[in-house]
Amino acid sequence: MSPTSPAFVILFVVSLIAAAGNMGLQSVLPNIGRTFGLADTLVAAAFAISALMWTVASPFWARLSDRAGRKNVILIGLTGFVVSMAGFGLGATFGLEGWLAPLTAFVLMAVARTVYGVLGSAAPIASQAYVADRTSPEERTQAMSLLASAQGLGTVIGPVLSPFLVLPIVGLAGPMYAFALIGLVVLVVVWKRLPSGDVVRLPTARMGNAGKGLWRDPRVRDFLLYGLLVTSAQAVNIAVLGFHIIDEMAETGLPAAQAQAFIGVAMFAGAAATLMVQWGLIPLLKMQPLALMRWGAGLALAGNLLSMVAPGYFGVVVGYAVVSMGVGFARPGFTAGSSLAVGPQEQGAVAGLMMSLAGLSFLLPPVIGVALYGLGEAAPFGANAGLLAIATVMALMSPTLRRDPHPDVIDTPAPETPPASQPGPEGSR
């Protein structure tokens, strides 16, 4: 599959809109919670059910994409995205306008995110498997990294657009309505334009066993553990960021309602730093999965340590940017590495496992991170440093991560290819 083919461009847009919508929502969520007068931990905990549903549903969508086809499952995921965004916007509007009690409105918003948790993982899993079906091992890292670059671009677009979409009539719910509308357009494009493809798959009876119990397989087990450590730490950074900035700006006398633009700037800085790594350093240095994982965990560790010692808004932004750079290295490493470690008949299963990390990492870590932040400003970053130290040691010492499953295959992206990855909440995106 060529990166310039219409099918790949469509999949790129699917990943982009999912990342933009999720990060746009994340940028306004702390302000909505503070406006509703809810506890920060409740805001984080309300979405744990969504992450749980994402984790549980991911393997199902992976298996279904093998049987029903990648395109059909992508359509299901996009439908979940549109319904979730629109429902979340309605819940926010009802609460902000006083038509419902804040807690009741927030329950509706949590239900909308649960819809996304059940259905939303379908699109990225099927998209990754669609690309794996149509690429050789030589092309795999390049193609998946380029597909993931859509997520990096989306994490720039979402937070940057969100402050402009907070309009007088719809208020903080504006970004959700806008992304739901864009998602609907993308859904129609996928339905009309994405080829179903002629990839030959295993007979259904055999496919039912393909990848079964893969999470215990020594070929991918350490990739999963490493990925869980890195994505959990990043989930804490994302969950804490908005509250941290609101509190930092409050010390300067700026009210929470006016801190939204500063949150957007911080998220933009993190995403831009990730894209700099992905579109510049990785192709320039011609890094393979093992090197990506080592640099990724190390830089994310350094970013959290910096967040502990650097004061003020500037320190928050720089620390978050360094963390984002690290994750930009790490995610293409463990995603491509795990894909290369298994056979063609297991690509759907391994894609489901990698996608389930997005749900697991946003299940408990954000709640714990926000609770730790309530105890002390540096506490969540110290906890993250511990997780990332383990990930760094794994990247240096694990025989699984250090082994090249295809020694004769050059899986480094070409210099002109921009590899990337920067997931938003529950999206890997």
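Residues numbered from 1 in each chain as written. Predicted model: local features only at pLDDT ≥ 70, side-chain atom pairs only at ≥ 80, totals over all residues. Heavy atoms only, no water.

Visitor: Would you mind going over helix H13 (residues 312-341) in detail, with residue names and values included?
Guide: In a regular helix each residue adds 1.5 Å, so 30 residues correspond to 44 Å; H13 covers 44 Å between its end C-alpha atoms and thus fits that length. Extensive coverage of H13 is indicated by the burial of 26 of its 30 residues. (Helix = DSSP H or I, 4+ residues; strand = E, 2+ residues; numbered from the N terminus. Expected span 1.5 Å × (residues − 1). Buried < 20%, exposed > 50% of the residue type's maximum accessible area, 1.4 Å probe, protein only.)

Visitor: Describe in detail the confidence of the model for the protein, supporting the description with residues and values.
Guide: Detailed reading of the predicted model is not advised wherever pLDDT is low. Taken as a whole, the protein shows an average pLDDT of 82; of its residues, 88% reach a score of 70 or greater. Mean pLDDT across the elements of the protein bottoms out in helix H9 (residues 204-207) (42) and peaks in helix H16 (residues 379-397) (96). Confidence drops under pLDDT 50 across residues 202-210; counting only partners more than four residues distant or on other chains, this segment forms eight contacts. Here residues 408-429 is a poorly scored stretch, pLDDT under 50, and it has 92 contacts once near neighbours within four places are set aside; other chains count. (pLDDT = per-residue confidence, 0-100. Contact = heavy atoms within 4.5 Å.)

Visitor: Help me get a handle on the environment of Leu 165, residues and values and all.
Guide: Mapped onto the elements of the fold, Leu 165 is located in helix H7 (residues 137-165). Taking C-alpha positions, Leu 165 is 9.8 Å from Gly 24, a pair spaced 141 residues apart along the chain. Dropping the residues within four chain positions of it, Leu 165 is found in contact with Val 170, Gly 171, Gly 174, Pro 175 and Ala 178.

Visitor: So what about the packing of aromatic side chains? Which residues, and what values?
Guide: Taken as a whole and assessed by the stated rule, the structure comprises seven aromatic pairs. With a centroid separation of 6.1 Å and an interplanar angle of 65 degrees, the aromatic rings of Tyr 226 and Phe 334 are classed as edge-to-face. You can see Tyr 226 sitting in helix H10 (residues 221-250) and its partner Phe 334 sitting in helix H13, a full 108 residues away along the chain. An angle of 90 degrees between the planes, with centres 5.5 Å apart, marks the rings of Phe 262 and Tyr 313 as edge-to-face. Placement of Phe 262 in helix H11 (residues 260-285) and of Tyr 313 in helix H13 is noted, with a sequence separation of 51 residues between them. Clustering of aromatic rings is evident, with ring pairs tying together Trp 54, Phe 81 and Tyr 116. Between Arg 134 and the ring centre of Tyr 130, over which it is positioned, the NZ or CZ distance is 3.6 Å. (Phe/Tyr/Trp six-rings, centres within 6.5 Å; stacked < 30°, edge-to-face > 60°. Lys NZ or Arg CZ within 6 Å of the ring centre and 35° of its normal.)

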